[in-house]
Amino acid sequence: MPDTYTNSIGMEFTLIPAGSFMMGCNASFENCVSPELPQHQVHIASPFYLGVTEVTQEQWVSVMGSNPSEFKGRTNPVEQVSWNNAHAFIRDLNTKEGCSDCYRLPSEAEWEYAARAGTTTAYWFGDSADDLGQYAWFYDNSNGKTHPVGQTPANPWGLYDMHGNVFEWVQDCYHRSSGRHEIPQIHERQRQRGHLLKSLVITEQQGRVPKQGTGGMNRVRCLDARCGPQPRRLFQNICGER
């Protein structure tokens, strides 16, 4: 498998290796909340491709034909996107690329594994929230709006904006304890071929799990482990996908 892949509309993907990590928040970290506990080991059995950046407005328009975003900008992340919208984009992108299952949303475990990129600290760059302004667009430095993707440093696996800018939908349903999050069953062909778009999700009865902080969020909500439930029809100017 090549290390990187670029599709027909210019979306770049990088190969995330298989491996294991501790998912959730370390109980010694004072800002842990119940959905992030208990911290537990998760094994990612197969490598997968993940978008290097959040889906941009230009990429969204090339597939969907219109731009729902409040903060307009060709290379800004698309926002005002519900989980249902994210799946419509994936459906139409698969059609555009001539396949039925090349693209999907990542599981929460896959997302957090990629966000941590082999690190064990609260943020991929360390434990100090005081350094966040160097690595993320969030409440203190974003002026309450999104910014072009890829302007802050990439994490060790080459992924940009894993902290800040917009929430990103994932496939999983929300459970009160992170220990109950499990990697959803994925068809083996899709597991082998899938190129993942980063995002957050919900079902009719259960909330899906938003990951990372947004431009309007505080330092705590930018943690790698931070998550919470949202309805799948929710669309706000903080919700996008990767």
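Below, the structure is looked at part by part. (Residues numbered from 1 in each chain as written. Predicted model: local features only at pLDDT ≥ 70, side-chain atom pairs only at ≥ 80, totals over all residues. Heavy atoms only, no water.)

Before going further, it helps to spend a moment on the pattern of salt bridges. On inspection of all chains with the given rule, the structure shows five salt bridges. In this structure, Arg74 engages Glu58 in a salt bridge whose closest nitrogen and oxygen atoms are separated by 3.1 Å. One end of the pair, Arg74, is in the loop between α1 (57-64) and α2 (83-96); the other, Glu58, is in helix α1, and 16 residues separate them in sequence. Take Arg74: its relative accessible area is 55%, and that puts it in the exposed class. With a relative accessible area of 42%, Glu58 lands in the partly exposed category. Close ionic contact of Arg104 with Glu110 constitutes a salt bridge, the shortest N to O distance being 3.1 Å. (Salt bridge = Lys/Arg side-chain N within 4 Å of Asp/Glu carboxyl O. Helix = DSSP H or I, 4+ residues; strand = E, 2+ residues; numbered from the N terminus. Buried < 20%, exposed > 50% of the residue type's maximum accessible area, 1.4 Å probe, protein only.)

Within the secondary structure layout, Arg104 lies in strand β6 (residues 103-104). Of the polar contacts made by the side chain of Arg104, one reaches the side chain of Glu110; its length is 3.1 Å. (Polar contact = N/O pair within 3.5 Å; in protein donor to acceptor, adjacent residues only side chain to side chain.)

The subject of this paragraph is the environment of Asp172. For Asp172, the position within the fold is in the loop between β7 (167-168) and α4 (188-193). We classify Asp172 as buried; its relative accessible area is 6%. As a C-alpha pair, Asp172 and Ala109 span 63 residues in sequence and 8.9 Å in three-dimensional space.

A few words on the nonpolar core. Core analysis: the largest hydrophobic core is formed by 19 residues, its most contacted members being Met11, Val55, Trp60, Phe89, Leu93 and Tyr103. For this core, the secondary structure elements donating two or more residues are α1 and α2. No other element matches the five residues that α2 contributes to this core. Membership of the second largest hydrophobic core comes to 15 residues, among which are Ile16, Phe48, Trp111 and Met162. (Core = buried A, V, L, I, M, F, W, Y, C linked by side-chain atoms within 4.5 Å.)

Here Leu37 and Pro38 are connected by a cis peptide whose omega angle stands at -5 degrees. Position of Pro38 relative to the elements: it lies in the loop between β3 (19-23) and β4 (40-44). If you check the backbone angles, Gln80 has positive phi at about 60 degrees while not being a glycine. On the secondary structure map, Gln80 appears in the loop between α1 and α2. Residue classification places Gln80 among the partly exposed residues on the basis of a relative accessible area of 22%. Of note in the backbone geometry, Ala117 takes a positive phi value of approximately 50 degrees without being a glycine. Checked against the element boundaries, Ala117 lands in the loop between α3 (108-116) and β7.

Right, let's talk about the state of the cysteines for a bit. For the structure on display, the rule yields one disulfide. The partner cysteine of Cys99 in its disulfide is Cys102, sulfur to sulfur 2.2 Å. (Disulfide = S-S within 2.5 Å.)

Further remarks concern empty space enclosed by the protein. If you walk through the whole model with that rule in mind, you get one cavity of 30 Å³ or more. Its boundaries defined by the atoms lining it, the largest cavity holds a volume of some 30 Å³. Together, Met11, Glu12, Gly51, Val52, Thr53, Glu54, Val55 and Gln59 line the largest cavity. In terms of residue class, the lining of the largest cavity is made up of three nonpolar, three polar and two charged. (1 Å grid on protein atoms, 1.4 Å probe; cavity = no way out; pocket = protein on both sides within 12 Å on 5 of 7 lines; lining within 4 Å. Points joined across faces, edges and corners; volume = space filled by probe spheres on them. Nonpolar A, V, L, I, M, F, W, Y, C, P; charged D, E, K, R; others polar.)

On to the pairing of strand β2 (residues 12-16). Two elements, strand β1 (residues 4-6) and β2, share three bridges in a ladder whose sense is antiparallel. Considered in β2, the bridge of Thr4 is made with Thr14. Adjacent in sequence and paired antiparallel, β1 and β2 are bridged by five residues, among which Gly10 carries a positive phi angle near 85 degrees. Where β2 meets strand β5 (residues 48-51), four bridges bridge the pair, whose relative direction is antiparallel. When the bridges of β5 are listed, Leu15 appears paired with Tyr49. (Pairing = 2+ DSSP bridges.)

With that settled, the discussion passes to the pairing of β4. Side chains His40, Val42 and Ile44 of β4 all project onto a buried face; the interleaved residues Gln41 and His43 project onto a face where none is buried. Bridge count between β3 and β4: five bridges; the pairing is antiparallel. Pairing of Met22 across the sheet is with Gln41, part of β4.

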